[in-house]
Amino acid sequence: ALDDAAGALKTGGADVVYEGSPIAELGTTSYAPYAQAIIAAHPNVVFEVLDVPDSVGLAASLKAAGYQGAIVNGVTYLPGQLASQANEAAALDGVFVIDEFPADENNTPAVRQAKKDLVSVDQPPDLTSGVSQGYWSAIVFEQMLRATQKAVGGDPSKVTGAALQQTVNDGFTYTDPIPGGIGTEHFPAAEHIPTGCETFLKVVGTSYRQIAPYTCYGAVNW
């Protein structure tokens, strides 16, 4: 993931001044040494390629060490959670977040329906990254199943795993049933080539401000 992010940034014309992965996957308690090493490289933007705890910890240490530039990550879209997590909210305040899915703040018809669906099953109406993965994948899968049933003549008993894979391999296109979802996806290409979609947000206090709505930019090759 680190190489992918660096490659994409370089392709976009960025000068990558620090590219390393010294933070242990587990057990890190002090992020100060890593923050100091990053600041010593004089970046004006820090893109964290980390999990949620490490992204929060590093952001807090960068800010504590006096870093004034932008901090960006792709994992801390946590709607509905920051108000009850004072330390986490303080660490993320001012941090920019990339969400690969339509965010709550998009407020499109599809997002509003998703929130209603979550409430209907007694879940918080927040499209966190984890919730979004499951929710939108289920809608894509449902369309694949319907397309497969049509391809096998309408007999549900013939909708097997092999038949489903054949439908996808033959060329399946997903379209949002309600406007404002994840957007059109073409298979089987979408199984291997990222579509480059995101919502760009900024943490302000305990909430998120949408900087750019969900948009698909296409794959970046380098």
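The notes below deal with the structure included here. Numbering of residues begins from 1 in every chain and follows the order in which that chain's sequence is written. Side-chain atom pairs in this predicted model are given and counted only at pLDDT of 80 or more, local residue features only at pLDDT of at least 70, and totals for whole chains, interfaces and linings cover all residues. Only hydrogens and water are set aside; all other atoms, that is, all heavy atoms of the structure, feed into the side-chain values.

Residue types Ala, Val, Leu, Ile, Met, Phe, Trp, Tyr and Cys, when buried and joined through side-chain atoms within 4.5 Å, form a set referred to as a nonpolar core. Burial classification: accessible surface area is computed with a 1.4 Å probe over protein chains only, and a residue below 20% of its type maximum counts as buried, one above 50% as exposed, and the rest as partly exposed. Ranked by internal contacts, the top residues of the largest apolar core, which has 23 residues, are Leu58, Leu62 and Tyr208. Elements with a minimum of two residues in this core: helix H2 (32-40), helix H3 (52-64), helix H4 (86-92) and strand E6 (197-204). In this structure Leu58 touches Ile23, Tyr31, Tyr34, Ala35, Ile38, Glu48 and Leu50, once residues within four positions along its chain are discounted. Grouped together as the second largest cluster of nonpolar side chains are 19 residues, Phe101, Ala110, Val111 and Leu118 included. Numbering of helices and strands starts at the N terminus; helices are DSSP runs of H or I of at least 4 residues and strands are runs of E of at least 2. Residue contacts are defined here by distance: any two heavy atoms, one from each residue, within 4.5 Å place the two residues in contact.

What follows deals with the state of the cysteines. Cysteine sulfurs are considered disulfide-paired once they come within 2.5 Å of each other. Inspection of the entire model under this criterion finds one disulfide. The side chain of Cys197 participates in a disulfide bridge whose partner is Cys216; the two sulfur atoms lie 2.0 Å from each other. Where Cys197 bonds to Cys216 through sulfur, the torsion about that S-S bond is close to 105 degrees, and the disulfide is right-handed. One end of the pair, Cys197, is in strand E6; the other, Cys216, is in strand E7 (residues 207-216), with 19 residues separating them in the sequence.

On to the packing of aromatic side chains, then. Pairing of aromatic rings covers Phe, Tyr and the six-membered ring of Trp, with a centre-to-centre limit of 6.5 Å; geometry is then stacked below 30 degrees between planes, edge-to-face above 60, and tilted otherwise. On inspection of all chains with the given rule, the structure shows four aromatic pairs. Where Phe96 meets Phe200, the ring centres are 5.5 Å apart and the plane angle is 10 degrees; that geometry is what we call stacked. Of this pair, Phe96 sits in strand E3 (residues 96-99) while Phe200 sits in strand E6; the two residues are 104 residues apart in sequence, bridging distant segments of the chain. Judged by relative accessible area, Phe200 falls into the partly exposed class, the value being 21%. Judged by centre distance (5.0 Å) and plane angle (85 degrees), the rings of Tyr135 and Trp136 are edge-to-face. Tyr135 gets classed as buried once you look at its relative accessible area, which sits at 16%.

Attention now goes to the packing of helix H5 (residues 109-120) against helix H6 (residues 129-151). Remark: H5 packs on H6, axes separated minimally by 12 Å, with the N-to-C direction vectors making an angle of 100 degrees. Classified by the interaxial angle, the pair formed by H5 and H6 is roughly perpendicular. Residues Ala110, Gln113, Ala114, Asp117 and Leu118 of H5 form the contact with H6, whose participating residues are Val131, Tyr135 and Trp136. Amino acids outside the nonpolar list (Ala, Val, Leu, Ile, Met, Phe, Trp, Tyr, Cys, Pro) and the charged list (Asp, Glu, Lys, Arg) are all regarded as polar, and Gly is one of them. Tallied by class, the residues present in the contact of H5 with H6 amount to six nonpolar, one polar and one charged. Note on geometry: axes are C-alpha line fits, over the in-contact stretch for helices, and angles between N-to-C directions span 0 to 180 degrees. By definition in this entry, angles of less than 35 degrees are roughly parallel, angles greater than 145 are roughly antiparallel, angles of 65 to 115 are roughly perpendicular, and the rest are oblique.

Another point: the side chain of Ser61. The residue Ser61 is located in helix H3 in this model. Other than its neighbours up to four places away in sequence, Ser61 contacts Tyr31, Ala32 and Ala35.

Another point: the sheet that holds strand E2 (residues 70-73). Read across the sheet, five strands follow the order E1-E2-E3-E6-E7 without closing on themselves; strand pairing throughout is mixed. One side of each edge strand has no neighbouring strand; the edge strands of this open sheet are strand E1 (45-48) and E7. Strand after strand, the sheet turns through a mean of 20 degrees between neighbouring axes, direction not considered. Across four bridges, the pairing between E1 and E2 is parallel. Across the sheet, the residue bridging to Val45 is Ala70, located in E2. Strand pairing follows a simple DSSP-based rule, namely that at least 2 bridges must link the two strands.

Mapped onto the fold, Phe101 is located in the loop between E3 and H5. If sequence neighbours within four positions are ignored, Phe101 has contacts with Ser129, Ser132, Gln133, Trp136, Ile182, Thr199 and Tyr214.

All right, on to the side chain of Ser129 then. The topology assignment puts Ser129 in helix H6. With relative accessibility at 17%, the residue Ser129 sits in the buried group. Whenever a nitrogen or oxygen atom comes within 3.5 Å of another N or O atom, the pair is scored as a polar contact, on the condition that within protein one atom can donate a hydrogen and the other can accept it, and that pairs from neighbouring residues in sequence are kept only if both atoms are in side chains. A distance of 3.4 Å separates polar atoms of two side chains, one belonging to Ser129 and the other to Asp99.

Geometry only, nothing functional implied.
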